[in-house]
Amino acid sequence: LDRETWAQLLESVAVTEGYSTALAAPHLTATDVRELATINKRMRAALRDESVQAFSDANRAFHTRILSRCPNTIMVGQLREAQARLDSLSRALFSREQGVLLRLLGPKMGQIAIADHEALIEALRENAGPAQIERLTREHVLVHLRAAREEFARKT
């Protein structure tokens, strides 16, 4: 249960989710993309209401909607296992690192997540190529790693 293990696991999730999202993109329907926009609006409302749980639930629904269209079920399964492990490790690590947790769940990071989702939704609407979809998703996940590292550095 250390920072580096958490960081490495988050990097793995970023790469796997990026690729899985790129694979899913051609299979997303116009209805799926509209639902992603609706979910993102729920995230914005949750952020305004300062409801961390509602924000987190909507964020998970956003990514689950995309991954439900990924044809590589093995990769999606591995991603879900890695995310569950990451969630568990995050709870254990951040129970000791409250300042980092507050920063990662705070309004600034929430606004960044919503903006990242909007960019991804737009790329999906425009039928962007797989490299762009993968990069947007990977960077969306890695923004949390960069923020955590900044906060860890501030605390030491």
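Sequence order as written defines the numbering, with residues in each chain counted from 1. Local features in this predicted model are restricted to residues of pLDDT 70 or higher, and side-chain atom pairs are both shown and tallied only at a pLDDT of 80 or more, whereas totals for entire chains, interfaces and linings draw on every residue. Processing note: side-chain calculations cover all non-hydrogen atoms of the structure and skip hydrogens and water entirely.

Chemist: Please clarify how the overall build of the chain should be interpreted in this entry.
Modeler: The numbering of helices and of strands both runs from the N terminus, where a helix is a DSSP run of H or I of at least 4 residues and a strand a run of E of at least 2. Per the secondary structure count, the chain includes 7 helices and 0 strands. In terms of overall size, the chain behaves like a compact globule, its C-alpha atoms giving a radius of gyration of 15 Å where 156 residues would be expected to give roughly 15 Å. If one aligns the C-alpha atoms of the chain with their principal axes, the spans along those axes are about 45 × 35 × 20 Å. Think of it in three bands: residues with accessible area under 20% of the maximum for their type are buried, residues over 50% are exposed, and the middle band is partly exposed, with areas taken using a 1.4 Å probe on protein chains only. Considering the chain as a whole, with its 156 residues, one finds that 42% of them fall into the buried category. By definition, residues are in contact when any of their heavy atoms lie within 4.5 Å. Once local pairs closer than 6 in sequence are excluded, the contacts in the chain between residues at least 24 apart make up 83%. Accessible surface for the chain amounts to roughly 8400 Å². Of this, 52% is attributable to carbon and sulfur atoms. Residues scored as positive are Lys and Arg, those scored as negative are Asp and Glu, and His as well as the terminal groups of each chain are ignored. Charge positions come from single atoms, namely NZ of Lys, CZ of Arg, CG of Asp or CD of Glu. If the 22 positive side-chain charges of the chain are averaged to one point and the 20 negative ones to another, these points end up 2 Å apart. Radius of gyration here uses only the C-alpha atoms, and the compact-globule reference equals 2.2 Å multiplied by the residue count raised to the power 0.38. For the area figures, the Shrake-Rupley method with a 1.4 Å probe applies, and any residue is considered shielded solely by the protein chains shown.

Chemist: I'm lost on unusual backbone geometry in this one. Help?
Modeler: Peptide bonds are, in most cases, trans, and in most cases residues other than glycine have a negative phi. Unlike most non-glycine residues, E50 shows phi in positive territory, near 55°. Looking at the secondary structure, you find E50 in the loop between α2 (30-48) and α3 (52-67).

Chemist: Would you mind going over the pattern of salt bridges with me for this structure?
Modeler: Side-chain pairs of opposite charge can arise where the charged atoms are in close proximity. Here a salt bridge means any side-chain nitrogen of Lys or Arg lying within 4 Å of a carboxyl oxygen belonging to Asp or Glu. What the rule picks out here adds up to 8 salt bridges. Two residues, R60 and D87, come together in a salt bridge whose shortest N-O distance is 3.1 Å. You can see R60 sitting in helix α3 and its partner D87 sitting in helix α4 (residues 73-96), a full 27 residues away along the chain. Residue R125 is joined to E122 by a salt bridge in which the shortest nitrogen-to-oxygen separation is 3.7 Å. In this pair, R125 and E122 both sit in helix α6 (residues 107-125), 3 residues apart, roughly one turn of the helix. The exposure class assigned to R125 is partly exposed, which follows from its relative accessible area of 47%. Owing to a relative accessible area of 34%, E122 belongs among the partly exposed residues under this scheme. Through salt bridges that share partners, D32, R65 and R69 make up one connected network.

Chemist: Sorry if this is basic, but what is going on with the side chain of E17 here?
Modeler: For E17, the location among the structural elements is in helix α1 (residues 3-24). Nearest to the buried, unbridged E17 among oppositely charged side chains is R60, at 7.9 Å. Each residue touching E17, except ones within four places of it in the same chain, is listed here: H63, L67, L79, Q83, T137 and V141.

Chemist: How should the confidence of the model for the chain be read in this particular structure?
Modeler: Interpretation of this model should avoid reading the predicted coordinates in detail wherever pLDDT is low. pLDDT measures how confident the predictor is about each residue, on a scale from 0 to 100. Here the chain averages 90 in pLDDT, while 92% of its residues score no lower than 70. Here helix α5 (residues 98-105) is the element of the chain with the lowest mean pLDDT, 58, and α2 is the one with the highest, 96.

Chemist: Any chance you could explain the environment of R34 here in plain terms?
Modeler: Turning to its location among the elements, R34 is positioned in helix α2. In the structure, R34 is positioned 51 residues away from R85 in sequence and 30 Å away in space, judged by C-alpha atoms. Within the structure, R34 has its side chain in polar contact with the side chain of T31 (distance 3.1 Å). Two N or O atoms form a polar contact when they lie within 3.5 Å of each other; inside protein one atom must be a possible hydrogen donor and the other a possible acceptor, and for residues adjacent in sequence the pair counts only when both atoms belong to side chains.

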